[in-house]
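Below are the chains, spelled out letter by letter.
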Amino acid sequence: MEKKGNYYITTAITYTSGKPHIGNTYEAVLADSIARYKRQEGYEVFFQTGTDEHGQKIEEKAAAKGVTPKEFVDEVAGTVKGLWDMMGTSYDRFIRTTDADHEKQVQKMFKKMYDKGDIYKSTYEGLYCTPCESFWTESQLVDGKCPDCGREVKPAKEEAYFFKMSKYADRLIEHINTHPEFIQPVSRKNEMMNNFLLPGLQDLCVSRTSFKWGIPVDFDDNHVVYVWLDALTNYITGIGYDADGNYSDNYKKFWPADLHLIGKDIVRFHTIYWPIFLMSLDEPLPKQVFGHPWLLQGGEKMSKSRGNVIYADDLVRLFGVDATRYFVLHEMPYENDGIITWELVVERFNSELANVLGNLVNRTISMSNKYFDGFVSSTGIREEVDEDLKAVVTGCRDKINEKMSTLRVADALTEVFALFRRCNKYIDETEPWVLAKSEDKRDRLSEVMYNLVESICIGANLLIPFMPETAQKILMQLRGTERDYDLLDEFGLTAPGTRVTQEPEMLFARLDINEIMKEVEKIREAQKAAYEKENGITAGMDSDHADSGNDSNSTSDDAVIDIEAKEEITYDDFAKLQFQVGEIIACEEVKKSKKLLCSKVKIGSQVRQILSGIKSNYTPEEMVGKKVMVLVNLKPREIAGMMSEGMLLCAEDSDGKLSLMMPEKTMPAGAEIC
């Protein structure tokens, strides 16, 4: 097949603060399926992934563990790489931001931007929160306090280097307006334009002096390069960018990138900061940035202390690599968040993989052996039902291509399984077991079996990007081969006289949900034990309350707390406030904040993003599943660079500890609080 061009795809690099859960793994599998598909189409592909390894959080975690930051990230990066390898990701480079070639180029780029006048040294002057080590402007404060942790702030100064973001803002707006494909889905583009670019960009702090675990600014030893300038540039350093212009052949061949595949929570960094950095370097912008949705755990609160965090290696042990790949690819919509539970994985495994695909392949091979000793030949005895089958099979490639061209990977995988479903229907329509009873129907039976084998071979070829191991097993059992992509709309390429395997292997045997849940309980118990050991929790203690301690200074439930009275309001004032019950369906730490959590809160049929400075009182895992009280008609505002669309109600004791306000009885998400 003639080469169709070059294709460069990247994932976001995984932050090395700990083992990635299945939601992180999804991105690597999604990118791999796209990379494999482009290779199958005939493109020369470069697929890059890796790890983001610098920053204050890493420095603190390493110190807590009693190791150096490099030792800490070496271990976590090894875990990440091991998971990606286990999932069959066919990356061409696994880059680490501690790689020497990357660090060298980051220093050279920083100096180049500085010499150009895009980076300047100044003093960060503002209101400083000591616990968060963050500066804030007056307008960013919430009730005069730190928007992250809610504590007092004081005037302070810190020396830092800044990037002149506003210098390139108009040029970036013009690029986005003239390249509608640049940010996808469109909703992400609208968010970036309306919430960040059009209101105006502030200069970006690109160095820090408060920690040392970062790439040093080589002409100013007191500073390290701030993490986003370090991390984002991996996309060009990994393929041989050189700030002096001595580009590698790979850089000349593959840049600009065809696709940056990232989570929707970091779209701003990739569509505003990153293109502006590239403009400063006089390099072309990537062709497209796709912010994929999240894979959420549904049905219960996700917590390490409860032991119910889902990891890819546990899924693989119970279901296999390709079943795990199938689930995360199939269950993730194009734009909305997907849901994963152990029960749902079992249901999909049994209904789709075992019933639709596994049963189809096994029945076809078994009947071929029973009726023709495994030999497959076309006899030309055709009926109308054959033509309908062939139309579905030969039309499948182009349907998949249409879906993949717009990154609708779940829909593309659905098209492959529509082909397999049509094959199962064909068996029911033709009834080979009935044909086998009549000797004069033997040629017709042979044609039916040939049509099934040929159809499944084409389907297996189309399945390769998504479930490569399974596809190869199918082809091996049918004695089929990988076909040229351009031939996947042609029917009849299975050679007459081909003999299928005499010993068929069941691809996916049905699972017993009760047996699986017994294994899941073992996983949960192991997670809880590891959590208790890591956090020094005494065996038998309620781990969900392990952080409450025995502090004799803590306020008891019946303690009296006096607070300063605020101005009286009228009933009309109160009537302006709208309170509803919300259900937290996802929560994660804000990467650049020590105290801020970002929650996805379901309120009726809507899902809102709400930022709260409660990280010191709740972990993200503890938040998921809680029913909370929400002020829903609070005007959206930007906090720490992210939009918050409401407020979670909390109570605060005299020590500053917070407790979410939750309904006493079970109430649906969206119920009005009156």
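Undergrad: Before we go on, may I ask you to explain the overall build of the chain in this structure?
TA: Of the regular secondary structure elements, the chain holds 21 helices and 27 strands. Its C-alpha radius of gyration of 28 Å places the chain within 12% of the 26 Å reference for a compact globule of 674 residues. Dimensions of the chain, computed from the C-alpha atoms along their principal axes, are close to 95 × 65 × 55 Å. For the chain, with 674 residues in total, the buried portion stands at 53%. Contacts in the chain between residues at least 24 apart in sequence constitute 76% of all its contacts with a sequence separation of at least 6. Positive and negative side-chain charges of the chain, numbering 82 and 110 respectively, have mean locations separated by a distance of 2 Å.

Undergrad: For this particular structure, what's the right way to read helix α18 (residues 468-478)?
TA: Helical geometry note: an α-helix holds 3.6 residues per turn, so side chains three or four residues apart project in the same direction. Turning to α18, its buried residues are P468, T470, A471, I474, L475, Q477 and L478. On its buried face, α18 is in contact with α1 (22-41), α12 (321-330), α13 (342-372), α17 (442-463) and β17 (498-499). Following α18 by one or two positions, R479 has its phi on the positive side, about 60°.

Undergrad: Mind showing me how you'd approach the nonpolar core here?
TA: As a rule of thumb, soluble globular proteins bury nonpolar side chains together. Ranked by size, the top nonpolar core spans 105 residues in total, and within it I34, F319, F417 and L463 carry the most contacts. Broken down by element, this core gets its largest block of residues, 14 residues, from α13. In this structure, I215, W274, F277 and L281 belong to the second largest nonpolar core, which totals 56 residues.

Undergrad: Would you mind going over the side chain of N451 with me for this structure?
TA: Inspection of the secondary structure puts N451 in helix α17. Judged by relative accessible area, N451 falls into the buried class, the value being 0%. In terms of polar contacts, N451 uses its side chain to reach the side chain of Y426, at 3.0 Å. Excluding residues within four positions of it along the chain, N451 makes contact with D386, L389, K390, Y426 and F491.

Undergrad: Just checking my understanding: could you explain the environment of P275 for this structure?
TA: Topologically, P275 is positioned in helix α10 (residues 267-280). Among the residues examined, P275 registers a relative accessible area of 0% and is labelled buried.

Undergrad: Teacher, can you tell me more about the pattern of salt bridges here?
TA: Working definition: two side chains of opposite charge can pair if their charged atoms are close together. Inspection of the entire model under this criterion finds 45 salt bridges. With its nearest N and O atoms 2.7 Å apart, the salt bridge here joins D74 to K70. Of this pair, D74 and K70 both sit in helix α3 (residues 69-86), separated by four residues, roughly a single helical turn. By relative accessible area, D74 is classed as partly exposed at 31%.

Undergrad: Please explain the packing of α17 against α18 as it appears in this structure.
TA: For any two helices packed against each other, the geometry comes down to the angle between their axes and how far apart the axes lie. At a closest axis distance of 8 Å, the pairing of α17 and α18 adopts a crossing angle of 155°. By the angle class used here, α17 and α18 are roughly antiparallel. α17 and α18 meet at a crossing whose hand is left-handed. Contact with α17, carried on its side by V453, I456, C457, A460, N461 and L463, involves P468, T470, A471, I474, L475 and L478 of α18 and no other residues of that element.

Undergrad: Would you explain the pairing of strand β21 (residues 627-631) in this entry?
TA: Each regular strand carries side chains that alternate between the two faces of the sheet. Sheet topology note: the strand β18 (residues 579-589)/β21 ladder contains five bridges and is antiparallel. Residue pairing for β21: E583 is matched across the bridge by K627. As paired strands, β21 and strand β24 (residues 647-648) are joined by two bridges and run antiparallel to one another. Looking at the pairing, V630 lines up with L648 of β24.

Undergrad: Is there a simple way to explain the confidence of the model for the chain in this structure?
TA: A low pLDDT score tells you not to read the predicted coordinates there in detail. Within the chain, residue pLDDT values average 89, and 92% of them lie at 70 or more. Taken as a whole, residues 538-564 scores under 50 in pLDDT and shows 23 contacts with residues more than four places along the chain or in a different chain.

Undergrad: Would you mind showing me how to read the packing of α12 against helix α15 (residues 409-430) here?
TA: It is at 8 Å that the axes of α12 and α15 come closest, and there the two elements cross at 120°. In terms of axis orientation, α12 runs oblique to α15. Contact residues: Y326, L329 and H330 in α12; V409, A410, L413, T414 and F417 in α15. Tallied by class, the residues present in the contact of α12 with α15 amount to six nonpolar, two polar and no charged.

Undergrad: I would appreciate a short explanation of unusual backbone geometry in the present structure.
TA: Where the residue is not glycine, phi is negative for most of them; where a peptide bond is considered, it is trans in most cases. Following Q184, the chain continues into P185 via a peptide bond in cis, with omega recorded as -10°. Here P185 is to be found in the loop between β8 (183-184) and α6 (186-197).

Undergrad: Would you explain the pairing of strand β1 (residues 5-11) in this entry?
TA: Of all seven residues in β1, five are buried, a share of seventy percent or more. Pairing analysis gives three bridges linking β1 to strand β12 (residues 259-263), with the strands arranged parallel. Paired with I9 across the bridge in β12 is L259.

Undergrad: Honestly, the packing of aromatic side chains in this entry has me stumped. Any pointers?
TA: Both the distance between ring centres and the angle between the ring planes are used here to describe each pair of aromatic rings. Under the counting rule described, the total for this entry stands at 29 aromatic pairs. Linked through ring pairs, Y8, F46, Y235, Y241, Y247, Y251, F254, W255 and W274 together constitute an aromatic cluster. Lying across the ring of W294, K264 places its NZ or CZ 4.9 Å from the centre. Between R268 and the ring centre of F269, over which it is positioned, the NZ or CZ distance is 4.6 Å.

Undergrad: In this structure, what is going on with α15? I would like to understand it.
TA: Over its 22 residues, α15 extends 32 Å from the first C-alpha to the last, a length consistent with the 32 Å expected when each residue adds 1.5 Å. Positive phi appears at E431, one or two residues downstream of α15, with a value of about 50°.

Undergrad: Could you clarify how one ought to interpret the side chain of R188 in this entry?
TA: Take R188: it is sitting in helix α6. Those residues in contact with R188 that sit more than four places away from it in its chain are I183, K264, V267, G291, H292, P293 and E335.

Undergrad: Please explain the state of the cysteines as it appears in this structure.
TA: One covalent bond between the sulfur atoms of two cysteine residues makes up a disulfide. Counted under the stated rule, the structure contains zero disulfides. Not part of a disulfide, C396 finds its nearest cysteine sulfur in C423, a span of 9.7 Å.

Undergrad: Just to check I follow, could you spell out a nonpolar patch on the surface for this structure?
TA: On the surface, a nonpolar cluster with roughly 290 Å² of combined accessible area is contributed by I569, F574 and L577. For I569, a relative accessible area of 54% translates into the label exposed.

Undergrad: Could you clarify how one ought to interpret the environment of N350 in this entry?
TA: Relative to the helices and strands, N350 is located in helix α13. Classification of N350 as buried rests on a relative accessible area of 8%. Here the alpha-carbon distance between N350 and L511, two residues 161 residues apart in the chain, equals 6.5 Å. Setting aside residues no more than four positions away along its own chain, N350 makes contact with N355, R510 and L511. A polar atom in the side chain of N350 sits 2.7 Å from the backbone nitrogen of L511.

Rules of the game
- Residues numbered from 1 in each chain as written.
- Predicted model: local features only at pLDDT ≥ 70, side-chain atom pairs only at ≥ 80, totals over all residues.
- Heavy atoms only, no water.
- Helix = DSSP H or I, 4+ residues; strand = E, 2+ residues; numbered from the N terminus.
- Rg over C-alpha atoms; globule rule 2.2 N^0.38 Å.
- Buried < 20%, exposed > 50% of the residue type's maximum accessible area, 1.4 Å probe, protein only.
- Contact = heavy atoms within 4.5 Å.
- Lys, Arg positive; Asp, Glu negative; His and termini not counted.
- Charge placed at Lys NZ, Arg CZ, Asp CG, Glu CD.
- Core = buried A, V, L, I, M, F, W, Y, C linked by side-chain atoms within 4.5 Å.
- Polar contact = N/O pair within 3.5 Å; in protein donor to acceptor, adjacent residues only side chain to side chain.
- Salt bridge = Lys/Arg side-chain N within 4 Å of Asp/Glu carboxyl O.
- Axes fitted to C-alpha atoms, helices over the stretch in contact; angles between N-to-C directions.
- Parallel < 35°, antiparallel > 145°, perpendicular 65-115°, else oblique.
- Left-handed = near helix turned anticlockwise from the far one by under 90°.
- Pairing = 2+ DSSP bridges.
- pLDDT = per-residue confidence, 0-100.
- Nonpolar A, V, L, I, M, F, W, Y, C, P; charged D, E, K, R; others polar.
- Phe/Tyr/Trp six-rings, centres within 6.5 Å; stacked < 30°, edge-to-face > 60°.
- Lys NZ or Arg CZ within 6 Å of the ring centre and 35° of its normal.
- Expected span 1.5 Å × (residues − 1).
- Disulfide = S-S within 2.5 Å.
- Patch = residues over 30% accessible without salt bridge, like charges linked within 9 Å, V, L, I, M, F, W, Y side chains within 5 Å.
- Areas by Shrake-Rupley, 256 points an atom, 1.4 Å probe, with all protein chains shown as cover.

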